[in-house]
Amino acid sequence: MSICTLAMHSQPPDFLPQGDQTSDSSAFELVDMATALDQAAASRPSVSRHPKWVCTRVLTGHSSWVRSVAVSADGNFIISGSGDKSVRVWNLATGHTMQVIDSHRAWVRAVAVSPDRTCFASVSNDNAVQLWDFTTGEALGQLEGHSNWVRAVAFSPSGKYLFSGGQDNKICVWRLSDRALIHRFNGHTHWIRAIAVSHDGTTLISGSQDKTLRLYRIKGKGSNHVLTGHTGEVLSVAASPNNWLLASASADCTVRFWKLNSGRETTCFKAHGAPVNSLAFSPDGRLLATASNDSTLRLWDMEQGRLISILQGHDGWVWGVDFAPDGKTLVSAGWDGTVRVWQEE
């Protein structure tokens with residue numbers, strides 16, 4: 001594993017300052033994790049028994065695989081994007097389909113919901129980034145700037161900006177007030193597979209087919225970094241809720257933890273026996289969920305550094321996972337065309 005400082009070739013807009021230019025799969029060693037967890041969490045006594053998680057609902061309606069899922073910030077709705085070229089909005093509590101949007105001309109690769117739940121975004125193999133009104137499902141606009149398939153999308157925590165990454169090896173930054181393309185990041189040498197933004201809005205994180213992660217300081221001080229260590233493409237990235245850690249998942253079957261401020265790798269462990277397609281932290285940061293080509297989801301206790309549950313039910317690869325705000329509900333998407341809801345008993 002190595003870290004090198006990323007040199008930018010152009011000055012981004014004012015809102016994107018550069019900062020200072022200066023295996024056992026059931027357990028993993030949490031190096032430096034005491035400082036990475038909230039003090040309150042660190043002071044809690046360890047609990048040896050964990051609640052059981054069960055599948056409480058299977059949502060059907062897509063006619064092809066489901067690549068991506070996202071839960072709205074209020075916990076009431078699920079957004080899913082599929083190989084059937086559609087985006088669906090589901091009521092999480094009832095499982096009913098609220099909206100079906102079929103305007104994309106190709107597979108839908110990723111979806112994201114704005115923090116204020118006013119709109120959501122979907123990206124596709126039609127090279128398009130689409131914005132939709134959350135209440136009506138009406139199109140709010142198509143953002144054009146990618147020259148190849150778009151694979152990843154994320155909102156800034158403020159909801160003012162949208163980030164998209166694609167097979168043109170670029171990350172586009174969009175200002176939502178006027179839907180303007182205001183910057184491109186061109187550092188990766190292969191497809192962008194994953195994008196996330198830290199919860200404090202300071203750091204944009206990307207994962208690529210080139211097997212690296214990149215950290216871009218988009219607010220405040222700090223250096224940009226290129227993170228190496230994965231031996232397969234990086235398929236998913238997520239920042240911990242307390243802004244201490246970055247987690248990455250890869251086709252090399254591992255999950256790695258990195259310090260978000262320095263980019264230093266702290267932990268690497270084999271999470272599944274097959275590529276890890278997606279991961280997500282619970283809202284309180286106590287759990288990490290991973291989804292894999294081995295047809296399972298796995299839940300990891302971040303304090304104890306142990307696997308606590310294996311969730312089985314999908315028939316085939318599991319491609320997407322997201323927590324609801326209550327931290328006791330998990331949503332997954334898979335090759336079998338279903339969206340599944342899992343809850344803590």
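Above this note sits the structure.
Since we're looking at a predicted model, the values are computed, not measured. Counting starts from 1 at the beginning of each chain's written sequence and moves along it residue by residue. A pLDDT threshold of at least 70 governs which residues receive local features in this predicted model, and a stricter bar of 80 or more applies before side-chain atom pairs are shown or counted, although totals over entire chains, interfaces and linings include all residues. To obtain the side-chain values, all non-hydrogen atoms of the structure were included, while hydrogens and water were left out.

A. Summary view of the pattern of salt bridges. Only one rule defines a salt bridge in this text: a Lys or Arg side-chain nitrogen within 4 Å of an Asp or Glu carboxyl oxygen. According to the stated counting rule, one finds six salt bridges in the structure shown. The salt bridge partner of R256 is E265, with a shortest N-O separation of 2.9 Å. Relative accessible area serves as the criterion here: at 16%, E265 is assigned to the buried category. Its salt-bridge partner being R298, residue D294 comes within 3.9 Å of it at the nearest N-O pair. Using a relative accessible area of 13% as the deciding quantity, one classes R298 as buried. Think of it in three bands: with a 1.4 Å probe and only protein chains considered, a residue is buried below 20% of the maximum accessible area for its type, exposed above 50%, and partly exposed in between.

B. Highlighting the sheet that holds strand β13 (residues 171-175). By definition, two strands form a pair when at least two bridges between them are found by DSSP. Each helix is a run of H or I in the DSSP string that is no shorter than four residues. Each strand is a run of E no shorter than two, and both are numbered from the N terminus. What the four strands build is an open sheet, ordered β11-β12-β13-β14; its pairing is antiparallel. The open sheet terminates on both sides in strands that have one partner only, identified here as β11 (150-155) and β14 (180-185). The mean angle between the axes of side-by-side strands here comes to 25°, regardless of whether they run parallel or antiparallel. As paired elements, strand β12 (residues 161-166) and β13 share five bridges and run antiparallel to each other. The residue bridging L162 from the neighbouring strand is W174, located in β13. Orientation is described by lines fitted to C-alpha atoms, with helices fitted over the stretch in contact, and by angles between N-to-C directions that extend from 0 to 180 degrees.

C. Local environment of the sheet that holds strand β10 (residues 139-143). Read from one edge of the open sheet, four strands run β7-β8-β9-β10, paired in antiparallel fashion. Either end of the sheet is taken by a strand with one partner, and the two such strands are β7 (108-113) and β10. Strand after strand, the sheet turns through a mean of 20° between neighbouring axes, direction not considered. Direction of pairing for strand β8 (residues 119-124) relative to strand β9 (residues 129-133): antiparallel, over a ladder of five bridges. Pairing of V123 across the sheet is with V129, part of β9.

D. Quick peek at the packing of aromatic side chains. Pairing of aromatic side chains requires ring centres within 6.5 Å, counting the rings of Phe and Tyr and the six-membered ring of Trp. Pairs whose planes differ by under 30 degrees are stacked, by over 60 edge-to-face, and all others tilted. The final tally for this structure, using the stated rule, is 11 aromatic pairs. Measuring from ring centre to ring centre gives 5.3 Å for W65 and W319, while their planes differ by 85°; the resulting arrangement is edge-to-face. Here W319 lies in strand β27 (residues 318-323) and W65 lies in the loop between β2 (53-59) and β3 (66-71), a separation of 254 residues in the sequence. Note on W65: relative accessible area 9%, which makes it buried. Looking at W319, the relative accessible area reads 8%, which means it is buried.

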